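Structural features, examined
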Amino acid sequence: MKEILELENKLSNMTTDELYNYAKENYPEVPNMWMGKKKLVVRRIVNYERNKMNGIDNE
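Each value, and the rule that gives it
- Residues numbered from 1 in each chain as written.
- Predicted model: local features only at pLDDT ≥ 70, side-chain atom pairs only at ≥ 80, totals over all residues.
- Heavy atoms only, no water.
- Phe/Tyr/Trp six-rings, centres within 6.5 Å; stacked < 30°, edge-to-face > 60°.
- Helix = DSSP H or I, 4+ residues; strand = E, 2+ residues; numbered from the N terminus.
- Buried < 20%, exposed > 50% of the residue type's maximum accessible area, 1.4 Å probe, protein only.
- Lys NZ or Arg CZ within 6 Å of the ring centre and 35° of its normal.
- Expected span 1.5 Å × (residues − 1).
- Contact = heavy atoms within 4.5 Å.
- Salt bridge = Lys/Arg side-chain N within 4 Å of Asp/Glu carboxyl O.

Side note on the packing of aromatic side chains
Inspection of every chain in the model, using the stated rule, returns two aromatic pairs. Taking the centre distance of 5.3 Å and the plane angle of 75° together, the rings of Tyr27 and Tyr48 count as edge-to-face. Of the two residues, Tyr27 sits in the loop between α2 (16-26) and α3 (38-53) while Tyr48 sits in helix α3, which places them 21 residues apart along the sequence. For Tyr27, a relative accessible area of 5% translates into the label buried. When the ring centre of Trp34 is taken as reference, the NZ or CZ atom of Lys24 above it lies at 4.3 Å.

Some thoughts on α3
Given a rise of 1.5 Å per residue, 16 residues ought to cover 22 Å, and the 23 Å separating the end C-alpha atoms of α3 matches this to within 8%. Looking at the buried residues of α3, the elements they touch are α1 (2-12) and α2.

A few points about the pattern of salt bridges
Taken as a whole, this structure holds two salt bridges when the rule is applied. Between Glu8 and Arg43 there is a salt bridge, and its shortest N-O distance comes to 2.8 Å. Note that Glu8 is positioned in helix α1 and Arg43 in helix α3, a separation of 35 residues in sequence. Judged by its relative accessible area of 34%, Arg43 is partly exposed.

Have a look at this one:
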């Protein structure tokens, strides 16, 4: 859980351009991960990572 909070803080501290590039580079298998407002993109990435940690299929 600590890793998720650290990730959320890291993403929130990024600029919008940095965040969108991060999402495009690190999650190419997830279409539209980078689209939307910054807060939405952060939430989407955090949820994706939380699901991955819990073994839930992210499709």
